[in-house]
Amino acid sequence: LDLTGAFISESESADLDEPYRDQSESHPTPSIGLPQQTVNDVSHFAIDLGGSLIKLVYFSQEGGRSARDQRTAGCGGQLHFKKWETKNYMDCIAYIARKRLHKSEGGKVVTVKATGGGAYKFQEEFRKQLDLQLDKQDEMRCL
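Residues numbered from 1 in each chain as written. Predicted model: local features only at pLDDT ≥ 70, side-chain atom pairs only at ≥ 80, totals over all residues. Heavy atoms only, no water.

> Sorry if this is basic, but what is going on with helix H2 (residues 89-99) here?
Since one α-helical turn is 3.6 residues long, residues separated by three or four positions face the same way. If you check which residues of H2 are buried, you get Cys-92, Ile-93, Tyr-95 and Ile-96. What you see down the axis of H2 is that its buried residues fit within an arc of 160°, all on one side. Against strand E3 (45-49), strand E4 (53-61), strand E5 (77-85) and helix H4 (123-130) lie the buried residues of H2. Looking at the residues trailing H2, positive phi occurs at Arg-100, about 60°. (Buried < 20%, exposed > 50% of the residue type's maximum accessible area, 1.4 Å probe, protein only. Helix = DSSP H or I, 4+ residues; strand = E, 2+ residues; numbered from the N terminus. Arc of directions from axis to C-beta. Contact = heavy atoms within 4.5 Å.)

> I keep staring at the pairing of strand E6 (residues 110-115) and nothing clicks. Help me out?
A regular strand carries its side chains on alternate faces of the sheet. Pairing of E3 with E6 involves three bridges; the strand directions are parallel. Looking at the pairing, Ala-46 lines up with Lys-113 of E6. Pairing of E6 with strand E7 (residues 132-136), which is carried by five bridges, proceeds in the parallel orientation. Looking across to E7, one finds that Val-112 is bridged to Leu-134. (Pairing = 2+ DSSP bridges.)

> How should I be thinking about the pattern of salt bridges in this particular structure?
Two side chains carrying opposite charge are able to pair once their charged atoms lie near each other. For the structure on display, the rule yields five salt bridges. A salt bridge links Asp-48 to Lys-55; its shortest N-O distance comes to 2.8 Å. A salt bridge links Glu-124 to Arg-127; the shortest N-O distance between them is 2.3 Å. Taken together, the positions of Glu-124 and Arg-127, both in helix H4 and three residues apart, correspond to about one turn of that helix. What makes Glu-124 partly exposed here is its relative accessible area of 44%. (Salt bridge = Lys/Arg side-chain N within 4 Å of Asp/Glu carboxyl O.)

Next up, the structure:
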């Protein structure tokens, strides 16, 4: 990640343009602005499916520009952070679907890095609901 000029956004993470608000989220989380980050050099999203919480982090382009426009413009975006209680994993799946985080260019099956025991427990549900492959990683090796 290019952290040059990075800043913590004072506004709520990612959902300012959406009327829907996850009922399981008790308070908003700020996002991190990455004004110099090129889109080509960052994974779209990753997830930790833990025993009590699911944590999701994803990158979005700044200003709502398309990925193609962003590549030609070169830079800018934000890291967004979301969390749910693990028992509400279907809310997480719905959020991913609504934000279209699982969609790839060309219709290929998307593979996402996933940690935690839930990466094994819920892998079939993610595949069935989102056609999403979880690439299970050991948490300690990811540090």
